[in-house]
Amino acid sequence: MKKTKVHNDRSIFDEQIRLLKEDPEIQKMASFTMHNGNTTLQHVENVADVSFRIAEKLGIDIDEKALARGAMLHDYYLYTFKETKMSPYRHGISHPETALKNASKRHRLTEKETNIIRSHMWPMTFLHPPMSREAVLVCLADKYCAVNEMLLKKHDLSEKKQQSKSKICK
Ligand SMILES: [Fe+2]
Ligand SMILES: [Fe+2]
């Protein structure tokens, strides 16, 4: 199959991530853990990086800003699940709305960014499916990263550090 030429700009994408990471409120995600002790901040960075790399690999044109912001904010729920009394099911269906509520307090989100956050657990959150390419990418990348972080214990999946180790998304 012939690969479609895309013009996704990694520098625009990375700049959005940098801006978010400068925010002390966003940095709070580094205080909470998930998936084998991985911090939530590392996880959302992994998801952002893998989302972009899948788009490049499959030749999908993306809105760099929306993808970066949606991926970085998709798990902005600010707690460690293991320290709560929530069931995995309850956490699974409720945390996208919690993340969205927290993110909306600090950022003016577009409709697309809102849907990326709200739909990332689909099909678990059946009534909120991904409605854009960017939302599908985050939904897929989230599952891929969760498996890597839980089973393979690769906490930093970023392209630069994993260039020689990861064969996926190349
Ligand atoms: Fe999540
Ligand atoms: Fe996630």
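The structure contained in this document is the topic of the report that follows. (Residues numbered from 1 in each chain as written. Chains lettered and ligands numbered in written order. Predicted model: local features only at pLDDT ≥ 70, side-chain atom pairs only at ≥ 80, totals over all residues. Heavy atoms only, no water.)

Below, the discussion takes up the coordination of the iron ion (ligand 1). Of the protein atoms, only Asp75 (OD), His95 (NE2) and His120 (NE2) coordinate the iron ion (ligand 1), at distances of 2.1 Å. Sequence spacing of the donors to the iron ion (ligand 1): D-x19-H-x24-H. Separating the iron ion (ligand 1) from the iron ion (ligand 2) is a distance of 3.4 Å, and Asp75 supplies a donor atom to each of them. Of this pair, Asp75 sits in the loop between α4 (64–73) and α5 (88–106) while His95 sits in helix α5, and the two are 20 residues apart along the sequence. On the basis of relative accessibility, which here comes to 2%, the residue Asp75 falls in the buried class. (Donors = N, O, S within 2.8 Å, 3.2 Å for Na, K, Ca; no water. Helix = DSSP H or I, 4+ residues; strand = E, 2+ residues; numbered from the N terminus. Buried < 20%, exposed > 50% of the residue type's maximum accessible area, 1.4 Å probe, protein only.)

This part is about the layout of surface pockets. Space inside the largest pocket adds up to approximately 520 Å³. Along the wall of the largest pocket there are 23 residues; nearest its centre are Met34, His35, Phe81, His91 and Met150. If one sorts the elements of the lining of the largest pocket by residue count, α5 sits on top with 5 residues. Across the lining of the largest pocket, the residue classes break down as 9 nonpolar, 10 polar and 4 charged. (1 Å grid on protein atoms, 1.4 Å probe; cavity = no way out; pocket = protein on both sides within 12 Å on 5 of 7 lines; lining within 4 Å. Points joined across faces, edges and corners; volume = space filled by probe spheres on them. Nonpolar A, V, L, I, M, F, W, Y, C, P; charged D, E, K, R; others polar.)

Here we take up the packing of helix α1 (residues 10–22) against helix α3 (residues 40–58). Two elements in contact, α1 and α3, have axes whose closest approach is 12 Å; the angle formed by their N-to-C orientations is 170 degrees. One way to sum up the angle between α1 and α3 is to call them roughly antiparallel. Of the residues in α3, those touching α1 at Arg10, Phe13, Ile17 and Lys21 are Glu45, Ala48, Asp49, Phe52 and Arg53. Of the residues in the contact of α1 with α3, the class split is 4 nonpolar, no polar and 5 charged. (Axes fitted to C-alpha atoms, helices over the stretch in contact; angles between N-to-C directions. Parallel < 35°, antiparallel > 145°, perpendicular 65-115°, else oblique. Contact = heavy atoms within 4.5 Å.)

None of the figures reported here should be taken as evidence of function without further support.
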